Each structure stands twice: as C-alpha cells, then as structure tokens.
Amino acid sequence: MWRFLDTRFEEILGSLLLAVMAGIAFINVIVRYCTSFSFAWTEELTINFFVWIVLLGTARAFRAGGHLGMTLLYEALPRSARLFCYVLSILLCIAFFGALCWTGALEVLDERDLESISESLGIPVWWYTIATPLFSLLIIFRMLQRAYADLSSGEY
C-alpha cells in the first residue's frame, strides 16, 4: 500500500480534485443555463483546487524527472561540472520551496489568528492555504527522492 501511495499519490489526489472541479463547474453551468441562479461557491472551490493541482503536478514532475529544461549547455559540460550544476539546481529548488513552505505556514498562522473566512462558503481560509506549506514539503520530498535516484544511478 505504501509503495502504491509513493508512486501514485499525486495522480490519485489530483484526479479526485479535478473530478470535483469539473463536476461542480458542470453543475453550475447547467443551473445557470436553466435558471437565473448561480452558485457563487463553485468559483471559490475551483480556484483553490486549481492551485492544489498545480502544486501536486509540480511534485509529480519532480518525482518523475519530467520538468522541462534547456540542456544544451548542461550536456556540453564535463561530468564533474554537470554534477556541480545538478546539485546546485537541487539546492536552489529546495531553498525556493523551503521559502514557499515557510511563507505559506506564516500565511496559515495569520489566517488562523485573524479568523479569516471565505466569502462564498464562510469556511476558514486557512483550510485552503494549508495546502501551500504541505505540498511544498511534498515537493521537497519528491525532489530529494529524484536526486537520490539520479545520483545513485549516476544519471544526472
């Protein structure tokens, strides 16, 4: 079970979120088309779930080594310089997502302290923003997994 979650967590959660987004958007379109009524809360959920899906996709891309890159100069470097560039890029990415995690956690704490609620559903806003620090940690974990696999195999 852990192996399955380790290899498919982002896909499963992202698929569920996308299904919910498509379902509520479809329902809203049908209701708006058939009546003069509109569900305002669908936009709130759709926008926030979209942010979650982007972060999950980032984690999945790091896990699979699927990020787009311009490698012409990188591949022309000697192997030792490529190792240096690879490790530097991993460290810079970890620093970026570490900063995102930190600022996201500060935002969640501020929203909890201020008791901010969403406009449409009236739920605490930190329920949405908790995904930023959590998924940033997931991204860092996936980066380290990929880096370990690449460095162990020598294919960096």
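Here goes a summary of the coordinates provided. (Residues numbered from 1 in each chain as written. Predicted model: local features only at pLDDT ≥ 70, side-chain atom pairs only at ≥ 80, totals over all residues. Heavy atoms only, no water.)

### Observations regarding unusual backbone geometry
Excluding glycine, most residues fall at negative phi; most peptide bonds, likewise, are trans.
Right, on to step 1. With a phi close to 55°, Glu115 is a non-glycine residue in the positive phi region.
Right, on to step 2. On the secondary structure map, Glu115 appears in the loop between α4 (79-114) and α5 (126-129).
Right, on to step 3. On the accessibility criterion, Glu115 (65% relative accessible area) is exposed. (Helix = DSSP H or I, 4+ residues; strand = E, 2+ residues; numbered from the N terminus. Buried < 20%, exposed > 50% of the residue type's maximum accessible area, 1.4 Å probe, protein only.)

### Here's the deal with the pattern of salt bridges
Right, on to step 1. Taken as a whole and assessed by the stated rule, the structure comprises 7 salt bridges.
Right, on to step 2. Arg60 serves as the salt-bridge partner of Glu11, at 2.8 Å between the closest nitrogen and oxygen. Taken together, the residues Glu11 in helix α1 (residues 2-34) and Arg60 in helix α2 (residues 41-64) connect sequence positions 49 residues apart.
Right, on to step 3. With a closest N to O distance of 3.0 Å, Arg146 and Asp150 form a salt bridge. One end of the pair, Arg146, and the other, Asp150, are both in helix α6 (residues 131-153), 4 residues apart, so they sit about a helical turn from each other. (Salt bridge = Lys/Arg side-chain N within 4 Å of Asp/Glu carboxyl O.)

### Brief notes about a nonpolar patch on the surface
Right, on to step 1. A cluster of nonpolar side chains, contributed by Met1, Phe4, Ile12 and Leu16, occupies part of the molecular surface with about 450 Å² of accessible area.
Right, on to step 2. Note on placement: Met1 falls in the segment before α1.
Right, on to step 3. Classification of Met1 as exposed rests on a relative accessible area of 74%. (Patch = residues over 30% accessible without salt bridge, like charges linked within 9 Å, V, L, I, M, F, W, Y side chains within 5 Å. Areas by Shrake-Rupley, 256 points an atom, 1.4 Å probe, with all protein chains shown as cover.)

### Observations regarding the packing of aromatic side chains
Right, on to step 1. What the rule picks out here adds up to 8 aromatic pairs.
Right, on to step 2. Consider the rings of Trp52 and Phe135, whose centres lie 6.4 Å apart with planes at 85°: the pair is edge-to-face. With Trp52 in helix α2 and Phe135 in helix α6, this pair connects stretches of sequence that are 83 residues apart. The exposure classification of Trp52 matches that of Phe135, with both residues buried.
Right, on to step 3. Through successive ring pairs, a cluster of aromatic residues spans Phe37, Phe39 and Trp41. (Phe/Tyr/Trp six-rings, centres within 6.5 Å; stacked < 30°, edge-to-face > 60°.)

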